[in-house]
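# Results of the structural survey
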Amino acid sequence: MFMTKTILKNLLTKYATRLYPFQKRETFAHSRGELKIDMEKCILCGVCQMRCPSQCIKVDKQAKTWEVDPFSCVYCGVCVEACPVKCLYQEKLYRAAVAEKDMVMHVQQPKETAEPAAT
Ligand code: SF4
Ligand code: SF4
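The structure reproduced in this document is the subject of the present report. These numbers come from a predicted model, not from an experiment. (Residues numbered from 1 in each chain as written. Chains lettered and ligands numbered in written order. Predicted model: local features only at pLDDT ≥ 70, side-chain atom pairs only at ≥ 80, totals over all residues. Heavy atoms only, no water.)

### A closer look at the site of ligand 1
Just so we agree on the cut-off: One heavy atom within 4 Å of a molecule or strand makes the whole residue count as near it. Gly is put with the polar residues, along with every residue not named as nonpolar or charged; the nonpolar set is Ala, Val, Leu, Ile, Met, Phe, Trp, Tyr, Cys and Pro, and the charged set is Asp, Glu, Lys and Arg.
Around ligand 1 lies a shell of 14 residues, among which Cys 42, Cys 45, Gly 46, Cys 48 and Cys 83 are the nearest. Residue composition of the shell around ligand 1, grouped by class: 13 nonpolar, 1 polar and no charged.

### Quick word on the nonpolar core
Spelled out, the test is: We call a set of buried residues a nonpolar core when its members are Ala, Val, Leu, Ile, Met, Phe, Trp, Tyr or Cys and they connect through side-chain atoms within 4.5 Å of each other. Burial classes follow relative accessibility: with a 1.4 Å probe on protein chains only, a residue under 20% of its type's maximum area counts as buried, one over 50% as exposed, and anything between as partly exposed. Numbered from the N terminus, helices here are DSSP runs of H or I no shorter than four residues, and strands are runs of E no shorter than two. Should any heavy atoms of two residues lie within 4.5 Å, those residues are considered in contact.
If you look at the biggest cluster of nonpolar residues, it comprises 20 residues, and the most contacted ones within it are Leu 35, Ile 37, Ile 57, Trp 66 and Leu 88. Contributing elements (two or more residues each) for this core: β1 (34–37), β2 (57–60), β3 (65–68) and α3 (78–82). Once you skip the residues sitting within four places of it in the chain, Leu 35 turns out to touch Ile 57, Trp 66, Val 68, Cys 79, Val 80, Leu 88, Tyr 89, Gln 90 and Met 105.

### A word on the site of ligand 2
Taken together, 13 residues sit near ligand 2, with Cys 52, Cys 73, Cys 76, Gly 77 and Cys 79 positioned nearest. Among the residues making up the shell around ligand 2, the classes are represented as 11 nonpolar, 2 polar and no charged.

### Examining the sheet that holds β3
Sheet strands pair via backbone hydrogen bonds, and the direction of the pair is either parallel or antiparallel. So the rule is basically this: A pair of strands is considered paired only if DSSP assigns at least 2 bridges between the two. Axis angles are defined between N-to-C directions and span 0 to 180 degrees, where every axis is a line fitted to C-alpha atoms and, for a helix, only to the segment in contact.
Taken in spatial order, the 3 strands make up an open sheet running β2-β3-β5, and their pairing is antiparallel. Since the sheet does not close on itself, it has two edges, and those belong to β2 and β5 (105–108), each with one partner. Within the sheet, the average angular offset between the axes of one strand and its neighbour, ignoring direction, is 10 degrees. The pairing of β2 with β3 spans 4 bridges and is antiparallel. Across the sheet, Val 59 pairs through a bridge with Trp 66, a residue of β3.

### Examining the environment of Arg 51
Along the chain, Arg 51 turns up in helix α2 (residues 47–51). As for Arg 51 and Val 78, which are separated by 27 residues in sequence, their C-alpha atoms are 6.9 Å apart. In contact with Arg 51, other than residues within four places in its own chain, are Val 78 and Ala 82.

Laid out in structure tokens, this is it:
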């Protein structure tokens, strides 16, 4: 009898959970999300790599590349605060669910396009 009451109650009330991915929860105010970079501003100093507690950032000054492994990132924001030129930011979005865990975000600094001035 007790069970029947519970089953009926569950059938007649709304879901307790959201129908993800069709229904997504909005992020909370001041929540930190996925790490992004404005590579044009980055000076490849390596401070973010040194400060990251998860060791998920890799900066290669010679190859002019910056990499982050989003699955190791704990969204702490330490790199964002430490960056001297403020080119890192966190979008208010959580990382999307994926089937394969091999998603390293790799960014190459744009090559200088300006031709040297003729003398
Ligand atoms: S701290 Fe900022 S400027 Fe330095 S390598 Fe990291 S992202 Fe680039
Ligand atoms: S947010 Fe934290 S864990 Fe993620 S890359 Fe920056 S310093 Fe590392």
